[in-house]
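Single-letter residue listing:
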Amino acid sequence: MHVVIMGCGRVGATLADTLVSRGHSVAVIDQDADAFRRLGADFQGITVTGVGFDGDVLRQAGIERADGFAAVSSGDNSNIISARLARETFGVSRVVARIYDQKRAQVYERLGIPTVATVRWTADRIVRHLVPEEQVEIFRDPTSTVSIIDVTVHDGWIGRPLRALEEATGARAAYLTRFGIATLPTASTVLQEGDQVAMLVTDDIVDQVTTTASMPPEGVR
């Protein structure tokens with residue numbers, strides 16, 4: 001596939017090198033020609049000097065035959081404008097934009113443009129390394145909206161259907177680990193002693209989920 005990347009900072013250069021190493025055709029756009037030094041002398045892709053929301057520049061980069069477009073410059077406005085241009089004008093099917101402002105990221109996600117809210121995502125990951133929490137976060141999506149956490153399940157849930165725990169917590173089980181092997185739950189899954197349960201949550205229900213799971217079901221002491 002052919003991928004056009006706008007922005008040759010550390011992210012753009014790393015992305016370009018990764019795609020080339022996997023056998024893809026890559027074109028990188030940056031308004032600073034010196035930025036292409038990050039790609040190295042053996043870079044086998046195309047480099048185009050200019051702004052990523054200029055139609056002529058995009059055409060030089062092969063946007064008309066592109067399968068994917070990534071806007072990863074340091075400017076939110078430039079990234080969004082170029083991402084929308086790639087999708088709406090040139091019909092690129094796979095478009096992603098790097099966004100620093102999480103609120104903007106959420107807006108453009110609703111418009112169908114996947115975004116990576118860089119600052120918020122990075123800050124959340126660092127906080128979770130620095131500050132001990134009752135639950136262990138396994139994964140957080142790049143927009144910092146949905147996460148997967150390991151929850152401590154009270155012994156009172158053993159022998160009960162996993163769906164009962166889901167109904168009580170208001171969250172879905174992503175998977176459970178039994179005897180050291182992760183498995184996808186089914187409608188008939190029953191919790192057993194030693195099971196580790198990973199739940200899909202949003203920040204507003206984390207406390208509710210962890211508290212409910214750590215207590216016995218209603219009617220059980």
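For the structure, check the block above.
The following paragraphs examine the structure supplied in this document. Everything numeric in this text was worked out from a predicted model, so none of it was measured. (Residues numbered from 1 in each chain as written. Predicted model: local features only at pLDDT ≥ 70, side-chain atom pairs only at ≥ 80, totals over all residues. Heavy atoms only, no water.)

1. Let's talk about the overall build of the chain
Rules: Only DSSP runs of H or I with at least four residues qualify as helices, and only runs of E with at least two residues qualify as strands; both kinds are numbered from the N terminus onward. Summary of the burial criterion: residues with accessible area below 20% of their type's maximum are buried, those above 50% are exposed, and those between are partly exposed, where the area comes from a 1.4 Å probe applied to protein chains only. Surface accessibility in these figures is a Shrake-Rupley result with a 1.4 Å probe; residues are shielded only by whichever protein chains are displayed.
When helices and strands are tallied, the chain shows seven helices and 11 strands. Taking all 221 residues of the chain together, the buried fraction comes to 42%. Of the roughly 12400 Å² of accessible surface on the chain, a fraction of 51% belongs to carbon and sulfur atoms.

2. A look at the pattern of salt bridges
Applied cut-off: The term salt bridge refers to a pairing of a side-chain nitrogen on Lys or Arg with a carboxyl oxygen on Asp or Glu at a separation within 4 Å.
As enumerated under the stated definition, the model contains seven salt bridges in all. A salt bridge links Arg59 to Glu64; the nearest nitrogen and oxygen atoms lie 3.7 Å apart. In this structure Arg59 comes out as partly exposed when scored by relative accessible area, which is 41%. Each of Asp56, Arg59 and Glu64 takes part in a single network of salt bridges with overlapping partners.

3. Considering the pairing of strand 4 (residues 68-71)
Our working rule: Pairing between strands is defined by DSSP: at least two bridges between them are needed. When the strands point away from the viewer and the path from the first strand over the helix to the second turns clockwise, the crossover is right-handed.
Side chains Gly68 and Ala70 project from strand 4 onto one buried face, and the interleaved Phe69 and Ala71 project onto a second face that is buried too. As paired strands, strand 4 and strand 5 (residues 94-99) are joined by four bridges and run parallel to one another. Considered in strand 5, the bridge of Ala70 is made with Val96. Read as a crossover between parallel neighbours, the route from strand 4 over helix 3 (residues 76-89) to strand 5 is right-handed.

4. Here we look at the nonpolar core
As a reminder, the rule being used: Definition used in this section: a nonpolar core is a set of buried Ala, Val, Leu, Ile, Met, Phe, Trp, Tyr and Cys residues joined via side-chain atoms within 4.5 Å. Contacts: residue pairs with any heavy atoms within 4.5 Å of one another.
Ranked by internal contacts, the top residues of the largest apolar core, which has 22 residues, are Val4, Ile29, Ile63, Phe69 and Val92. Listed by contribution, the elements that provide at least two residues to this core are strand 1 (2-6), strand 2 (25-30), helix 2 (55-60), strand 4, helix 3 and strand 5. Considering every element that reaches this core, the biggest residue donor is helix 3, with four residues. Sequence-distant contacts of Phe69, that is, excluding residues within four places in its chain, are made with Val4, Met6, Leu58, Ile63, Ser82, Ala83, Ala86, Val92, Arg94, Val95 and Val96. If you look at the next biggest cluster of nonpolar residues, it comprises 16 residues, including Ile149, Ala171, Val206 and Val209.

5. Remarks on the environment of Ser25
Its place among the elements puts Ser25 in strand 2. Judged by its relative accessible area of 32%, Ser25 is partly exposed. Along the backbone, Ser25 and Ile46 are 21 residues apart, and their C-alpha atoms lie at a distance of 8.4 Å. Once residues lying within four places of it in the same chain are set aside, the contact partners of Ser25 are Met1, His2, Val3 and Arg65.

6. A word on the layout of surface pockets
As a reminder, the rule being used: Buriedness of a pocket was judged along seven lines, with at least five required to meet protein on both sides within 12 Å; pockets are open sets of points on a 1 Å grid over the protein atoms alone, cavities are sets where a 1.4 Å probe fits but cannot get out, and lining residues have an atom within 4 Å of a point. Grid points are joined across faces, edges and corners, and a volume is the space filled by probe spheres set on the points. Three classes are used, and their members are as follows: Ala, Val, Leu, Ile, Met, Phe, Trp, Tyr, Cys and Pro are nonpolar, Asp, Glu, Lys and Arg are charged, and the others, Gly among them, are polar.
Its boundaries defined by the atoms lining it, the largest pocket holds a volume of some 360 Å³. Lining the largest pocket are 20 residues, with Gly7, Asp30, Val72, Ser73 and Ser74 sitting closest to its centre. Tallied by class, residues from the lining of the largest pocket come to eight nonpolar, nine polar and three charged.

7. Remarks on the environment of Ile80
Within the secondary structure layout, Ile80 lies in helix 3. Expressed as a C-alpha distance, the spacing of Ile80 and Ile113, which sit 33 residues apart in the sequence, is 8.7 Å.

8. Looking at the pairing of strand 9 (residues 172-178)
Taking burial as the measure, the seven residues of strand 9 include five buried ones, the bulk of the element. Across five bridges, strand 9 lies against strand 11 (residues 196-202) in antiparallel orientation. What sits directly across from Thr177, in strand 11, is Gln196. Strand direction decides the pairing type here: strand 9 and strand 10 (residues 181-183), joined by three bridges, are antiparallel. Looking across to strand 10, one finds that Thr177 is bridged to Ala182. If you look at the hairpin formed by strand 9 and strand 10, you'll find two residues sitting between the two strands, and Phe179 has a positive phi there, around 55°.

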